[in-house]
Amino acid sequence: MSVVGFDIGNENCVIAVVKQRGIDVLLNDESKRETPAVVCFGEKQRFLGSAGAASSMMHPKSTISQVKRLIGRRFNDPDVQNELKMLPVETSEAPDGGILIHLKYLKETHTFTPVQIVAMLLAHLKTITENDLGTSVSDCVIGVPSYFTDLQRRAYLDAATIVGLKPLRLIHDCTATGLAYGVYKTDFPSAAPVYVAFIDIGQCDTQVSIAAFQAGKMNILSHAFDRNLGGRDFDEVLFSHFAAKFKEQYSIDVYSSAKACNRLRSACEKLKKVLSANLEGPLNIECLMDEKDVNGFIKREEFENLAAGLLERIYIPCNKALADAGLTVENIYSVELVGSGSRIPAITRILTSLFKRELSRTLNASECVVRGCALQCAMLSPVFRVREYEVQDSIPFSIGLSSDESPICAGSNGVLFPKGQPIPSVKTLTFQRSNMLHLEAFYANPDEVPPGTSPKISCFKIGPFHGSHGTKTRVKVKVQLNLHGIVSIESATLVEDHVDDSVPTGDYHSASTAMDVEPISETVENVIDDSINKKKCESPRHSADGTRKDKANRRLHVPVNENIYGGMTKAEILEAQEKELQLTQQDRTMELTKDKKNSLESYIYEMRSKLFNSYRGFASEQERDGISRSLQETEEWLYDDGDDETVHAYSAKLEDIKQLVDPIENRYKDEEARAQATRELLSCIVENRMSADSLPAQNKELIINECNKAEQWLREKMQQQDTLPKSSDPVFWSSDIKSKAEDLNSVCLRILGSKGSPIPEDKSEHNQSTSNHR
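Residues numbered from 1 in each chain as written. Predicted model: local features only at pLDDT ≥ 70, side-chain atom pairs only at ≥ 80, totals over all residues. Heavy atoms only, no water.

Thoughts on the packing of helix α6 (residues 231–250) against helix α7 (residues 258–277)
The description of two helices packed together rests on the angle between their axes and the distance between the axes. Let me state the cut-off plainly: To obtain an axis, a line is fitted to C-alpha atoms, over the contacting stretch when the element is a helix, and the angle between two such axes runs from 0 to 180 degrees between their N-to-C directions. Every helix listed is a DSSP run of H or I at least four residues long, and every strand listed is a run of E at least two residues long, numbered separately from the N terminus. Working rule for angles: under 35 degrees goes down as roughly parallel, over 145 as roughly antiparallel, 65 to 115 as roughly perpendicular, anything else as oblique. Crossings are sorted by hand: turned counterclockwise from the far helix by less than a right angle, the near helix makes the crossing left-handed, and turned clockwise it makes it right-handed. When checking whether two residues touch, look at their non-hydrogen atoms; a contact exists if any pair is within 4.5 Å. Under the grouping applied here, Gly and all other residues not named as nonpolar or charged are polar, the nonpolar ones being Ala, Val, Leu, Ile, Met, Phe, Trp, Tyr, Cys and Pro and the charged ones Asp, Glu, Lys and Arg.
Following both chains from N to C, one finds α6 and α7 inclined at 120°, their axes separated by 8 Å at the closest point. The pairing of α6 with α7 is recorded here as oblique in orientation. When you trace α6 past α7, the crossing you get is right-handed. In this structure, α6 uses G231, F234, D235, E236, L238, F239, F242, A243 and F246 to contact α7, whose residues at the interface are C261, L264, R265, C268, E269, L271 and K272. Its residues assigned to classes, the contact of α6 with α7 shows 10 nonpolar, one polar and five charged.

This is the structure we're talking about:
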């Protein structure tokens, strides 16, 4: 089994695995620690990761990136429309309101969802991991932003299911960072907590979390975020500035060319990095558009003025995280700054001013999340033993539950899991119903979730209640906020009372729907006292003298049907799995075809060189002419009609040439092998003659005769071979000499064993080892 962490960023992906010696960040095919989150569709195959980034310039209109911004979101969301404008691919609205991506592939238009694209990235990361570990990969932990909605989290799980991965947990990015930070520290006190702020400024977003650390424990107090503030937004400031400047200076509109936009954005990203270390920087691009070379220049101060609006927004999530945690900057022990967008000097100045302390960069800005994911996977997996460390995360949104479109708890606005609720949690509700029970999960506070998020999460149909009798039918529903931060119904149980009709069943809101006295709330790390829960939940079933009457109750499992608004159905997941399988098979076929084509090309050049060098004396003039002609014809075919052929065509061409070359190659190789076999046969003759010295005269004569025959055979064959040119097939091959040596040994051993007395141990072992060696 494997222990793997995946961090799928908006720009790059990182993989970490736990091994006996610690955590390793894996290298991709280009020996880089970060793999571009890019999927490119060529004419006949996909290019994933680094290959996708390399192919993006050749296939700009079939390259998908930034897909993390699209997964689990609505097509009509204004933010999504802004994202789609930056993508050169064709998109449309799905029947359920989601996003469809249309691509040309194998001369047809194929349609994919963002979930399928993320699945392709996960499949690529899985392949890299399996190639490194030499084993299959299934269990993993994946990092997700804290602002991901229930639907987006489910979309990640669906993407993992499509490619055969089993996420043990979806962990918030800052929680993973906090785990990577705190698990190795042994100086935290066990009494008063130490508060640390984690600020992750990524390529497309900013996340802030406040964590409380104690000995062997980490508790996330708050999550805050700005979903649209990241490194790429600062790139876009430079892009807009230079796009306008070049339009005025060079009369070119880069917005009219997808390739020009890509090149300018890439140059602006590099310029931003230059400005992080220098007070000014140039921008030069050859043939950006209309065969015009462009040149630009900007100072860091000018860049910061252009990005002033973005820089001001850094304060908002930081202040919100502090407020939600109930802390001030004076309470913060340390501020850890991570993320690919955190290296801008202006951001560092702002955060230093806000928190009134120097920022800490003890963690690797690009790898801290994936290291935390791998650590969490090790904790959840039975493969590794990890020292006890409690990770208590929390949900950043308030989640409510309603029955028949009315809140369960009227006084609390239907909030079942309030903001800051520990993950995971379970709450048990008791209803009295005589027919189907309908429940709706929703976001209780629209201000907490990202703009444009639908408040609806999912709906549940519980029932029918078979076997219910009368009005004493109660339904106990366990609602779970699981490790992934997803709300679901763990179980529903029908409880029938057959004890005392006078026992009260709770103070219900109506005759048909109610919640029992108080819900159970449990977490994995800190389980509430079970006996207290039972008293709270089951107090209506106690008699006046305190005796329990559960033994007279009958509990029946009730079916639960869940409908996720915008989620994938099982049939859609199966269809996506089948499509991914077909795409993978096509990719493998194309890779095999390219390998076979390269092998044919390499063989042509290699044989052409050998034919007139090392093989020259072993081929007749007629053979050399025929092979040279075949090599020339095959090479011409390879660069003309055979440029785009099947694997079978390349294999057939290679086989045809090999049939011509093999006889010559065999003569060349057998000359050396024949000389070695000759030396071994002569050595065998000498050894057998020596072993005959201690034998009776009759047996000695027999062995000497056999040795003489073998020696005579070898002499005659060598004399015949010396009369032939190297370009002719040899009179005898090395295999013939080896067979002669084996026959001689066999006969001599038989004669040695026929003298009626045991063969001397040392000579027997010597002969046997000689025979085995040969």
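Focus on the pattern of salt bridges
Using the following cut-off: Salt bridges are defined as contacts in which a side-chain nitrogen from Lys or Arg sits within 4 Å of a carboxyl oxygen from Asp or Glu. Burial classification: accessible surface area is computed with a 1.4 Å probe over protein chains only, and a residue below 20% of its type maximum counts as buried, one above 50% as exposed, and the rest as partly exposed.
Taken as a whole, this structure holds 35 salt bridges when the rule is applied. In this structure, D235 and K272 form a salt bridge, with 3.1 Å as the shortest nitrogen-oxygen distance. With D235 in helix α6 and K272 in helix α7, this pair connects stretches of sequence that are 37 residues apart. Residue classification places K272 among the buried positions, given a relative accessible area of 9%.

Here we look at helix α11 (residues 345–355)
With eight of its 11 residues buried, α11 lies for the most part within the structure. Of all the positions in α11, only P345, A346, I347, I350, L351, T352, L354 and F355 are classed as buried. K356, located one to two residues past α11, shows a positive phi value of around 60°.

Things to note about the nonpolar core
Our working definition: In this text, buried Ala, Val, Leu, Ile, Met, Phe, Trp, Tyr and Cys residues form a nonpolar core when linked through side-chain atoms within 4.5 Å.
In this structure, F6, F41, L122, L439, I462 and V477 are the most contacted members of the largest nonpolar core, which totals 83 residues. Sort the elements by how many residues they give to this core and helix α3 (residues 114–133) lands first, with 10 residues. Discounting residues that sit within four places of it in the chain, I462 has contacts with M436, L437, L439, V475, V477, I489, A492, V558, P559 and V560. Formed by 52 residues, the second largest nonpolar core is a distinct cluster that contains I252, L264, L275 and I298.

Examining the side chain of D158
As for its position among the elements, D158 is in helix α4 (residues 150–162). Once you skip the residues sitting within four places of it in the chain, D158 turns out to touch V115, M568 and I573.

Let's talk about the sheet that holds strand β23 (residues 422–423)
The condition that has to hold: What makes two strands pair is DSSP finding at least two bridges between them.
Taking strand neighbours across the sheet as the criterion, the six strands line up as β18-β13-β14-β15-β19-β23 in an open arrangement whose pairing is mixed. What marks the edges here is a single partner per strand, and that holds for β18 (332–338) and β23. Where strand β19 (residues 390–394) and β23 come together, two bridges link them in antiparallel fashion. Pairing of D393 across the sheet is with I423, part of β23.

Remarks on α4
Three- or four-residue spacings in an α-helix give side chains the same orientation, since the helix completes a turn every 3.6 residues. Short version of the rule: In this analysis, the expected span of each helix is defined as 1.5 Å times one less than the number of residues it contains.
With 13 residues, α4 ought to run about 18 Å at 1.5 Å a step, and its terminal C-alpha atoms sit 18 Å apart, in line with that. Burial within α4 is extensive, with 12 of its 13 residues counted as buried. For α4, the complete set of buried residues consists of D150, L151, Q152, R153, R154, A155, Y156, L157, D158, A159, A160 and I162. Just downstream of α4 lies G164, where phi reads positive at about 80°.

Regarding the sheet that holds strand β6 (residues 46–48)
Strands sit in the order β6-β5-β7 across an open sheet of three strands; the sheet is antiparallel. Of all strands in the sheet, those bounded by a partner on one side alone are β6 and β7 (63–64). Of the strands in this sheet, β5 (39–41), β6 and β7 touch α3, which is tilted by about 105° from β5. In the packing of helix α14 (residues 570–611) onto the sheet, the strands contacted are β5 and β6, and the crossing angle to β6 comes to about 90°.

Thoughts on the layout of surface pockets
Here is the rule: The distinction between a cavity and a pocket rests on a 1 Å grid over the protein atoms alone: a 1.4 Å probe fits inside a cavity but cannot get out, while a pocket stays open yet meets protein on both sides within 12 Å along at least five of seven lines, and a residue with an atom within 4 Å of a point counts as lining. Grid points are joined across faces, edges and corners, and a volume is the space filled by probe spheres set on the points.
The volume enclosed by the second largest pocket comes to roughly 760 Å³. For the lining of the second largest pocket, the secondary structure elements donating two or more residues are β6, α1 (50–55), α3 and α14. By residue number, the principal contributor to the lining of the second largest pocket is α3, which donates eight residues. Grouping the constituent residues of the lining of the second largest pocket by class yields nine nonpolar, nine polar and nine charged.

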